[in-house]
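Survey of secondary and tertiary structure
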Amino acid sequence: MSFGPKLDRIDLKILAKLQQSGRITNVELSDAVGLSPSPCLTRVKRLESAGFITGYGAHINLNRLGEFLTVFTEVTLSEHRRGDFSRFEMRIAKVDEIVECHLVSGGYDYLLKFVARGVGHYQAIIEDMLESDYGIEKYFSYVVIKSPFIKHHFPIQNLFGE
């Protein structure tokens, strides 16, 4: 697996700062990482073109928009050939309410994260998936009661720093 060019501690600082504040100006970013603005911008552009930065966006507070339901669902496929996994992944990628998909080891194949208007909406989605033959043998649902926190950033320097 190719990871691209080796990143130094300044690159990691840039990534850490940008994921916490994507709207930061280049001057503020350069101050935060200890570079002058021009070399800082050059590094950001290099990180973007190398695929380390894949986009910029806003974090939306769904609670402010209204009530919704988060459900984690364990899914076991009925068949386990490579094509079965690929077909399942392609099909669920088109389900807007599935916001995360993880192929996992253990007692089931996938862990999915759904957001829905409520239990009825979630159940309708699951029933549609079962009727449309996504290849699901069984599933178990876990409704989230409360999310004390959700982090939108990764500990980049702790994971990849020297």
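- Under an unreviewed UniProt entry, the chain has the name Lrp/AsnC family transcriptional regulator and belongs to Novosphingobium album.

**Comments concerning the UniProt feature "domain: HTH asnC-type" (unreviewed entry) in the chain**
- The UniProt entry lists residues 7-68 under the feature "domain: HTH asnC-type" (unreviewed entry), expressed in the numbering used here.
- This span, residues 7-68, is 60% helix and 0% strand, and a straight line between its end C-alpha atoms measures 40 Å.

**Side note on the nonpolar core**
- Counting 19 residues, the largest nonpolar core has Phe88, Leu112, Phe114 and Met129 as its most contacted members.
- Those elements that place two or more of their residues in this core are β1 (69-77), α5 (82-92), β3 (110-116) and α6 (119-131).
- Among the nonpolar cores identified, the runner-up in size contains 15 residues, and Leu12, Leu15, Val33 and Ile53 belong to it.

**Some thoughts on unusual backbone geometry**
- A positive phi angle, near 55°, is found at Asp133, a position not held by glycine.
- You can see Asp133 is positioned in the loop between α6 and β4 (136-143).

**Section: the sheet that holds strand β2 (residues 98-103)**
- Read across the open sheet, the four strands follow the order β2-β3-β1-β4; overall the sheet is antiparallel. This sheet does not close on itself; its edge strands, each paired only once, are β2 and β4. Here the average twist between neighbouring strands, direction ignored, is 20°.
- Summarising the sheet, β1 and β4 pair through seven bridges and their orientation is antiparallel. Paired with Leu77 across the strands is Ile136, a residue of β4.
- Most of the contacts of α5 go to β3, to which it runs at about 15°, and overall it touches β1, β2, β3 and β4.
- Running at roughly 170° to β4, α6 makes contact with β1, β2, β3 and β4 of the sheet.

**Here we look at helix α1 (residues 9-20)**
- An ideal rise of 1.5 Å per residue puts 16 Å on twelve residues; α1 measures up with 17 Å between its terminal C-alpha atoms.
- Considered for burial, the residues of α1 that qualify are Ile10, Asp11, Leu12, Ile14, Leu15, Ala16 and Leu18.
- Looking at the buried side of α1, the elements it contacts are α2 (26-33), α3 (37-49) and α7 (156-160).
- One side-chain oxygen of the residue at the start of α1 lies 3.1 Å from the amide nitrogen of Ile10, identifying that residue as Asp8.

**Regarding the packing of α2 against α3**
- Running from N to C, α2 and α3 cross one another at 95°; their axes reach a closest spacing of 9 Å. Relative to α3, the element α2 lies roughly perpendicular. Touching Asn26, Val27, Leu29, Ser30 and Val33 of α2 are Pro37, Cys40, Leu41 and Val44, all from α3.
- Looking at side-chain class alone, the contact of α2 with α3 contains seven nonpolar, two polar and no charged residues.

**Notes on the layout of surface pockets**
- A volume near 790 Å³ is recorded for the largest pocket.
- If you go around the largest pocket, you meet 22 residues; those closest to its centre are Leu62, Phe68, Thr70, Lys113 and Ile150.
- Within the residue set of the lining of the largest pocket, elements represented by two or more residues are α4 (62-65), β1, β2 and β3.
- Here the residues of the lining of the largest pocket sort into twelve nonpolar, seven polar and three charged.
- By volume, the second largest pocket amounts to about 600 Å³.
- Around the second largest pocket, the lining is made up of 21 residues, and of these Leu18, Gln19, Gly55, His59 and His152 lie nearest the centre.
- Here the lining of the second largest pocket gets four residues from one element, more than from any other, and that element is α1.
- Taken together, the residues that form the lining of the second largest pocket break down as nine nonpolar, ten polar and two charged.

How each quantity is defined
- Here the residue numbering is sequential within each chain, running from 1 through the sequence in written order.
- With the structure being a predicted model, the display of local features is reserved for residues of pLDDT at least 70 and the display and counting of side-chain atom pairs for 80 or more, all residues being used for whole-chain, interface and lining totals.
- Hydrogens and water are ignored here; the side-chain numbers use all heavy atoms of the structure.
- UniProt positions are given in the numbering used here, feature names are shortened, and annotations may be inferred rather than shown by experiment.
- A run of DSSP states H or I qualifies as a helix once it reaches four residues; a run of E qualifies as a strand once it reaches two. Both are numbered from the N-terminal end.
- Put simply, buried Ala, Val, Leu, Ile, Met, Phe, Trp, Tyr and Cys residues joined by side-chain atoms within 4.5 Å make one nonpolar core.
- Burial classes follow relative accessibility: with a 1.4 Å probe on protein chains only, a residue under 20% of its type's maximum area counts as buried, one over 50% as exposed, and anything between as partly exposed.
- Between any two strands, pairing holds if DSSP finds at least two bridges.
- In this analysis, axes come from line fits to C-alpha atoms, helices being fitted only over the stretch in contact, and the angle between any two N-to-C directions falls in the range 0 to 180 degrees.
- Here, two residues are considered to be in contact whenever any of their heavy atoms come within 4.5 Å of each other.
- A helix is expected to span 1.5 Å for every residue after the first.
- Counted as a polar contact is a pair of N or O atoms within 3.5 Å, where, for protein atoms, one must be capable of donating a hydrogen and the other of accepting one, and residues adjacent in sequence contribute only when both atoms are in side chains.
- When an angle is under 35 degrees it counts as roughly parallel; over 145 it counts as roughly antiparallel; between 65 and 115 it counts as roughly perpendicular; any other value is oblique.
- In the scheme used here, Gly and all other residues not listed as nonpolar or charged are polar, with Ala, Val, Leu, Ile, Met, Phe, Trp, Tyr, Cys and Pro taken as nonpolar and Asp, Glu, Lys and Arg as charged.
- Here a cavity denotes grid points, spaced 1 Å and computed from the protein atoms alone, that fit a 1.4 Å probe unable to get out, and a pocket denotes an open set having protein on both sides within 12 Å along at least 5 of 7 lines; residues with an atom within 4 Å of a point are the lining.
- Grid points are joined across faces, edges and corners, and a volume is the space filled by probe spheres set on the points.

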